[in-house]
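What the coordinates show
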Amino acid sequence: MDRRLPRCGTGYLLGGRPLNADGNQSTRRTKVLHPNHSRGSAGEKFVEGVLPGHWVVRKVVPDYGLDLHIEVFDLLQDGSGWAQTAGEHIYAQVKTDSEVSRYDAIVGPRLNVSKFKSVERRGDDDRRVGVVSVPIDVAELATIEAMGSSVPVILFWVDVELHAAYYVCMNDYISKVLLVENPRYAEQQTVSIRIPALNRIDAETTDFTYFWLLARRSKLYSLFNLFNYQFHELDFIRNRHPSRADISASQALEMIDVFVSTNLRLDVWGRRGDGWWAPLEDIHGALTTLRRQMEEFKLIPTPQLEKRLMHYGWDTMRRGANLGRMYEEIVREWYLPTHLAASLR
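Here's a quick rundown of the structure. Since the structure is predicted, the reported quantities are computational estimates derived from the model, not experimental observations.

Right, let's talk about the environment of Glu187 for a bit. With respect to the helices, strands and loops of the structure, Glu187 is situated in the loop between α3 (170-181) and β11 (190-196). Residues Glu187 and Val138, 49 residues apart in the sequence, show an inter-C-alpha distance of 8.3 Å.

Right, let's get into the side chain of Arg216. Inspection of the secondary structure assignment puts Arg216 in the loop between α4 (209-215) and α5 (217-238). For Arg216, a relative accessible area of 4% gives the class buried. A polar contact of 3.0 Å, which involves the side chain of Arg216, links it to the backbone oxygen of Gly270. Once residues within four sequence positions are removed from consideration, Arg216 is found in contact with Glu88, Asp267, Val268, Trp269, Gly270, Arg271 and Arg272.

Glancing now at the sheet that holds β11. Taken in spatial order, the three strands make up an open sheet running β7-β8-β11, and their pairing is antiparallel. If you trace the sheet from one side to the other, it starts and ends with β7 (101-107) and β11, each paired once. Adjacent strand axes in the sheet meet at a mean angle of 45°, parallel and antiparallel pairs treated alike. Inspection of the sheet shows β7 paired to strand β8 (residues 127-137) by seven bridges, in the antiparallel sense.

This part is about the sheet that holds strand β6 (residues 83-95). Pairing within the open sheet is mixed, and its five strands lie in the order β4-β5-β6-β9-β10. Every other strand in the sheet has two partners, leaving β4 (56-59) and β10 (164-169) as the edge strands with one partner each. Across the sheet, the mean angle from the axis of one strand to that of its neighbour is 30°, orientation sign disregarded. Relative to β6, strand β5 (residues 68-75) runs antiparallel, the two sharing eight bridges. Pairing of Leu68 across the sheet is with Ala92, part of β6.

Our focus in this paragraph is unusual backbone geometry. At the junction of Val61 and Pro62, the peptide bond is cis and its omega measures out at -5° in the coordinates. Here Pro62 is to be found in the loop between β4 and β5. Unusually for a residue other than glycine, His163 sits at a positive phi of about 55°. A positive phi angle, near 65°, is found at Tyr335, a position not held by glycine.

Orientation of α5 relative to helix α8 (residues 303-329), taken along the N-to-C sense of each, is 140°, at an axis distance of 8 Å. Taken together, the axis directions place α5 and α8 in an arrangement best described as oblique. The crossing of α5 and α8 is left-handed. For the pair α5 and α8, the contacting residues are Arg217, Leu220, Tyr221, Leu223, Phe224, Phe227, Asn228, Gln230, Phe231, Leu234, Asp235 and Arg238 in the first and His311, Gly313, Trp314, Thr316, Met317, Arg318, Gly320, Ala321, Leu323, Gly324, Tyr327 and Glu328 in the second.

Cut-off values and rules
- As a convention, each chain's residues are numbered from 1 in the sequence order in which they are written.
- At least 70 in pLDDT is required for a residue's local features to be given in this predicted model, at least 80 for side-chain atom pairs to be given and counted, and no such filter applies to totals for whole chains, interfaces and linings, which use all residues.
- Hydrogens are left out, water is left out, and the side-chain values use all remaining heavy atoms of the structure.
- Runs of E in the DSSP output that reach at least two residues are strands. Runs of H or I that reach at least four are helices, and both are numbered from the N terminus.
- Throughout this description, buried means an accessible area under 20% of the type-specific maximum (1.4 Å probe, protein chains only), exposed means over 50%, and partly exposed covers the range between.
- As used in this structure description, the phrase polar contact means that two N or O atoms lie within 3.5 Å; if the pair is within protein, one of them must be able to donate a hydrogen and the other to accept it, and residues adjacent in sequence are counted only when both atoms belong to side chains.
- Here, two residues are considered to be in contact whenever any of their heavy atoms come within 4.5 Å of each other.
- Think of it this way: DSSP has to see at least two bridges between two strands before they count as a pair.
- Here, axes are lines fitted to C-alpha atoms. For helices the fit covers the stretch in contact, and angles between N-to-C directions go from 0 to 180 degrees.
- Our angle categories are set so that under 35 degrees counts as roughly parallel, over 145 as roughly antiparallel, 65 to 115 as roughly perpendicular, and the remainder as oblique.
- With the far helix as reference, a near helix turned anticlockwise by less than a right angle produces a left-handed crossing, and one turned clockwise produces a right-handed crossing.

What follows is the structure in structure tokens.
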């Protein structure tokens, strides 16, 4: 059996140091590449390779816990291959540690953790979720928690042997899993993160829709905030608060007209790749109908249409304001190792 070391340039390698011509280890000290750095670089390249080719992936330097910045681009529909930025961003941590464990986690139903200090209720409705348990430094988690939830941070664990990458949204994991199960996690040095084994990234599958929607999160949060403001203002008028008695029906309709025009200009309604959330389609349809009725009223201002616009405008803003609640209670729990997420897949 040939046990000669692989040739590198004019010498051979042993423990990161070159051998001289006599086969002895060189006394010249040079910079060496630690295996962890090599694995980390390979993991980052793998993640970049499985994302859509027209997305832009940048390495974050210096690295304080966030490894990659991912900017979403949309392919133009003219077939030219050109793409334009969508103004949507994701940050990523990439881990390639070999010290992971795989097992089936048993998860039971629980109350909404956004409202209650809920614990799992074990019983006949338990779900079995295959997970990959990945260790991560608490300092990195503290950075993500401090960022809040509007800018998504994805944890990728790359299995270099199986050529696969698994993912979980860390903003949501911290809020919906970690703080529920271990509210004093900050007192530890490391924490094990459970990534569902089904969360294996593949841009060619329907599950990748989640990434398109996730990248749009900051825009959606802006929409939710705007709808809440608009509904509050219209509801204030609708209840005829004494301090706002000076506002006439025509002024209320002008508010609705401004609200509709403002909302329809937002870049959240059209499809981004395959990314789509059905409730957005419903609200977009209501806003479009409201705009058409508003144009009809400007041409023929009948009392009947005025009454309809007042009610329909208020109801549309009410439904729009509910989007944020749906997102917080349901969407943010997608693709997590929880009973609700397992029930939806």
